[in-house]
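# Notes for the structure review
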Amino acid sequence: MNINLSQKERMLLEDGRTQEDLCVKKYQSFSNQAEDPELKRLFTKLAAEEHHHLDIINNLLEGKSPNLSHGNKDESSLSNNKITASDAPHTSESPISFNSANDKILLQDLLSTEKYVSNFYDTSVFESANKEVREALQHIQREEQRHGELLFNYMNSHGMYDVK
Ligand SMILES: [Fe+2]
């Protein structure tokens with residue numbers, strides 16, 4: 001089925017494409033920079049999910065219906081494979097030993113990026129005239145919020161986030 005995009009949808013999707021491309025690059029680059037191996041794995045996994053967002057947006061811009069649950073990147077697998085504190089005992093280091101100041105900066109940066117991107121999708125969802133575009137953007141936004149949750153959970157369990 002071909003999707004006919006409005007001018008506004010096209011404009012927003014092009015911005016989204018730029019944003020997702022940046023997210024892929026950030027997660028990849030931060031995965032190389034992170035000191036904690038657990039965090040490296042998390043960033044690598046999220047880079048792959050951001051790549052899937054990029055694919056979805058590219059499909060929409062080409063007028064094609066995107067596959068939202070492509071590969072193993074759907075939400076259920078995300079929660080099944082999520083890296084939690086229970087993974088920590090398998091490593092020789094305790095989570096506390098990886099309260100790295102550098103890693104914290106990477107996490108704060110990504111959290112603020114995810115916040116911005118989620119906000120961007122909120123506007124884009126409201127501006128979508130096409131049901132398929134709207135649903136795809138809602139799906140991506142949910143995943144961005146889930147990414148934020150994973151970043152927060154890591155920070156919280158490593159003493160990097162002071163919950164008031
Ligand atoms: Fe994304």
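These numbers come from a predicted model, not from an experiment.

Okay, the overall build of the chain next. Counting secondary structure elements, the chain contains five helices and zero strands. The linear arrangement of helices and strands in the chain, starting from the amino end, is α-α-α-α-α. In the chain, which comprises 164 residues, the proportion classed as buried is 43%. When contacts within the chain are restricted to residue pairs at least 6 apart in sequence, those whose partners lie at least 24 apart make up 79%. Summed over all atoms, the accessible surface of the chain reaches about 8,700 Å², with 49% contributed by carbon and sulfur.

Tracing the sequence through the fold places Thr123 in helix α4 (residues 101–127). For Thr123, a relative accessible area of 43% corresponds to the partly exposed category.

Counting 18 residues, the largest nonpolar core has Tyr27, Leu39, Phe43, Leu107 and Leu151 as the members making the most contacts within it. Listed by contribution, the elements that provide at least two residues to this core are α1 (7–33), α2 (37–61), α4 and α5 (131–157). Sorting elements by how many residues they give to this core places α2 first, with five residues. Setting aside its immediate chain neighbours within four residues, Leu151 contacts Tyr27, Phe43, Leu46, Leu107, Leu110, Leu111 and Glu114. Ranked by size, the runner-up nonpolar core spans 17 residues in total, among them Cys23, Ile57, Leu61 and Leu137.

Here we come to the coordination of the iron ion. Looking at the iron ion, the protein donor atoms are Glu20 (OE), Glu20 (OE), Glu50 (OE), His53 (ND1) and Glu144 (OE), and they sit 1.8 to 2.6 Å from it. In primary sequence terms, the donor set of the iron ion follows E-x29-E-x2-H-x90-E. Of this pair, Glu20 sits in helix α1 while Glu50 is found in helix α2, placing the two residues 30 residues apart along the sequence. Each member of the pair, Glu20 as well as Glu50, carries the same accessibility label: buried.

Taken as a whole and assessed by the stated rule, the structure comprises three aromatic pairs. Between Phe120 and Tyr121, the ring centres sit 5.1 Å apart and the planes meet at 70°, which makes this aromatic pair edge-to-face. Just as Phe120 is buried, Tyr121 falls in that class too.

Cut-offs and rules
- Residues numbered from 1 in each chain as written.
- Predicted model: local features only at pLDDT ≥ 70, side-chain atom pairs only at ≥ 80, totals over all residues.
- Heavy atoms only, no water.
- Helix = DSSP H or I, 4+ residues; strand = E, 2+ residues; numbered from the N terminus.
- Buried < 20%, exposed > 50% of the residue type's maximum accessible area, 1.4 Å probe, protein only.
- Contact = heavy atoms within 4.5 Å.
- Areas by Shrake-Rupley, 256 points an atom, 1.4 Å probe, with all protein chains shown as cover.
- Core = buried A, V, L, I, M, F, W, Y, C linked by side-chain atoms within 4.5 Å.
- Donors = N, O, S within 2.8 Å, 3.2 Å for Na, K, Ca; no water.
- Phe/Tyr/Trp six-rings, centres within 6.5 Å; stacked < 30°, edge-to-face > 60°.

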